[in-house]
Amino acid sequence: MRALQLQRLAGPEGLVMVDVPEPEAGDGVLIDVVAAGVSFPDLLLTRGQYQMKPELPFVPGVEVAGVVRSAPAGARVKAGDRVMGFSFTLGGFAQVCVVPPELAFPIPEAWSFEQAAGVVMNYHTAHFALHRRGQVRQGETVLVHGAAGGVGTAAVQVAKGAGARVLAVVSDARKVEVAKRAGADSVLLLKDFQAGVREATDGRGADVVLDPVGGDVFDKSLKVLAPEGRLLVVGFASGQIPSVAVNRLLLRNVTVVGVAWGAFLMQAPELTGAIAKDLEALAARGIVNPVVGRVFPFEEGAQALRELESRQAVGKVVLKVKAG
């Protein structure tokens, strides 16, 4: 099969299209890949900057959508099904991929393969962050940073599904319409989001802030939390890992909460089924509807990663592996 293999830790330039043996299914679901999601962890992996450091050479990619070739007994999908999945062992930037049965889900009939390719990691992360870690409640105000990106658009929709009021933050005017299309109630520009939050909440602040950016965004977000507010640390797309003086948490009765969906799955794999059921219900109501950005040909995987690196991406960036 054809695959995009990382042969050196040189960023996107380290990717090379090669022919490699197809993976063996083992106890997993074997998928003929139609589309693969491109994520920020993929970019970090190409530079050796992610917490997981696989031995070179390897095939990046953890999010796929395609058609099941084979599945073990007891899996929720079967041969011939349209499926979306997540692979802990990477391998998604390839024509064939294996995912664990508990992380393979049927694609809703109305969704394209491109939409489905970015669902499992982004939407399960957003749901885990907001519900399990953030304990979001109906009627609360949720602030979502990076709201025009893959995780951001997912978080906007999951928060709306929880009955929250959603304030979306984007870095420039070009991304405003994307956040609105995702379902945000209001969209704020990053440069003056603090004033926008205070105005939108009559000075009270946001009950929950979802932050996949880090750096200065984290520091400023602490200052706009409402009493007993929760700041959810999802990632560090800015490249800067912030720190906090804990007396600020004590004095203001606010909480900083770590969010690591993938790590938690190792402890509680049954969580995926419950999240998937809730997301399916939200999809049936039209609330969850993945927003796709640029779709790159399979051969242009390096360029797709550069799109993320430049912070220009809107919606979910996807690789089109083959027609389907």
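Residues numbered from 1 in each chain as written. Predicted model: local features only at pLDDT ≥ 70, side-chain atom pairs only at ≥ 80, totals over all residues. Heavy atoms only, no water.

Engineer: Help me understand the nonpolar core in this model?
Structural biologist: Generally speaking, soluble globular proteins have nonpolar side chains that are buried together. The biggest cluster of nonpolar side chains holds 94 residues, and the ones touching the most others in it are L130 and L319. Ranked by residue count, the leading element in this core is helix α3 (residues 120-133), at seven residues. Sequence-distant contacts of L319, defined by excluding residues within four places in its chain, comprise L4, V34, A35, A36, V38, F93, F296, P297, F298, E300, G301 and A304. (Core = buried A, V, L, I, M, F, W, Y, C linked by side-chain atoms within 4.5 Å. Buried < 20%, exposed > 50% of the residue type's maximum accessible area, 1.4 Å probe, protein only. Helix = DSSP H or I, 4+ residues; strand = E, 2+ residues; numbered from the N terminus. Contact = heavy atoms within 4.5 Å.)

Engineer: What's the story with the environment of K322 in this structure? I'm lost.
Structural biologist: Structurally, K322 is set in the segment after β15 (316-320). Residue classification places K322 among the partly exposed residues on the basis of a relative accessible area of 32%. When the C-alpha atoms of K322 and A35 are compared, they prove to be 7.0 Å apart, with 287 residues separating the residues in sequence.

Engineer: Before we go on, may I ask you to explain helix α4 (residues 150-161) in this structure?
Structural biologist: In an α-helix, one turn spans 3.6 residues; hence positions three or four apart end up facing the same way. Between its first and last C-alpha atoms α4 spans 17 Å; for 12 residues at 1.5 Å apiece the expected length is 16 Å, and the two agree. Where burial is concerned, most of α4 is hidden: nine out of the 12 residues are buried. Residues of α4 that are buried: G150, G152, T153, A154, A155, V156, Q157, V158 and A159. Remark: G163 follows α4 within two positions and exhibits a positive phi of approximately 85 degrees. (Expected span 1.5 Å × (residues − 1).)

Engineer: Just to check I follow, could you spell out the packing of α3 against α4 for this structure?
Structural biologist: Two quantities define a packed helix pair, namely the angle between the axes and the distance from one axis to the other. It is at 8 Å that the axes of α3 and α4 come closest, and there the two elements cross at 50 degrees. Judged by the inter-axis angle, α3 sits oblique to α4. In this structure, α3 crosses over α4, and the sense of that crossing is right-handed. Each of N122, Y123, A126, H127, L130 and H131 in α3 lies in contact with α4, whose residues at this interface are G150, V151, T153, A154, A155, Q157, V158 and A159. For the contact of α3 with α4, the residue count by class is eight nonpolar, six polar and no charged. (Axes fitted to C-alpha atoms, helices over the stretch in contact; angles between N-to-C directions. Parallel < 35°, antiparallel > 145°, perpendicular 65-115°, else oblique. Left-handed = near helix turned anticlockwise from the far one by under 90°. Nonpolar A, V, L, I, M, F, W, Y, C, P; charged D, E, K, R; others polar.)

Engineer: Can you help me understand the UniProt feature "domain: Enoyl reductase (ER)" (unreviewed entry) in the protein in this one?
Structural biologist: In the numbering adopted here, UniProt assigns the feature "domain: Enoyl reductase (ER)" (unreviewed entry) to residues 11-319. Taken end to end, residues 11-319 is 31% helix and 25% strand, and its first and last C-alpha atoms sit 17 Å apart. (UniProt positions renumbered as here; feature names shortened; annotations may be inferred.)

Engineer: Is there a simple way to explain the pairing of strand β4 (residues 63-70) in this structure?
Structural biologist: For a regular strand, side-chain orientation follows a simple rule: the groups alternate between the two sheet faces. In the sheet, strand β3 (residues 29-37) pairs with β4 via seven bridges, with the strands oriented antiparallel. Across the sheet, residue L30 finds its bridge partner in β4, namely S70. Examined bridge by bridge, β4 and strand β5 (residues 82-86) share five bridges and lie antiparallel to one another. By the bridge assignment, V64 is partnered in β5 with G85. (Pairing = 2+ DSSP bridges.)

Engineer: Is there a simple way to explain the sheet that holds strand β11 (residues 206-211) in this structure?
Structural biologist: Two strands in a sheet stick together by hydrogen bonds in their backbones, pointing the same way (parallel) or opposite ways (antiparallel). Read across the open sheet, the six strands follow the order β10-β9-β8-β11-β12-β13; overall the sheet is parallel. Each edge of the open sheet is held by one strand with a lone partner, namely β10 (186-189) and β13 (255-258). Looking at each pair of strands side by side, their axes are set apart by 20 degrees on average, direction ignored. Summarising the sheet, β11 and strand β12 (residues 225-233) pair through five bridges and their orientation is parallel. Across the sheet, D211 pairs through a bridge with V233, a residue of β12.

Engineer: Sorry if this is basic, but what is going on with the pattern of salt bridges here?
Structural biologist: Note that side chains of opposite charge can pair when their charged atoms are close. Throughout the structure, instances matching the rule amount to 15 salt bridges. The closest approach of N and O atoms between R2 and E299, which form a salt bridge, is 3.2 Å. Taken as a pair, R2 in strand β1 (residues 2-6) and E299 in the loop between β14 (292-297) and α11 (301-309) lie far apart in primary sequence, 297 residues in all. As a salt-bridge pair, K160 and D185 come within 2.9 Å of each other at their nearest N and O atoms. Of the two residues, K160 is situated in helix α4 and D185 in the loop between α5 (176-182) and β10; the sequence distance between them amounts to 25 residues. For K160, a relative accessible area of 27% puts it in the partly exposed group. (Salt bridge = Lys/Arg side-chain N within 4 Å of Asp/Glu carboxyl O.)

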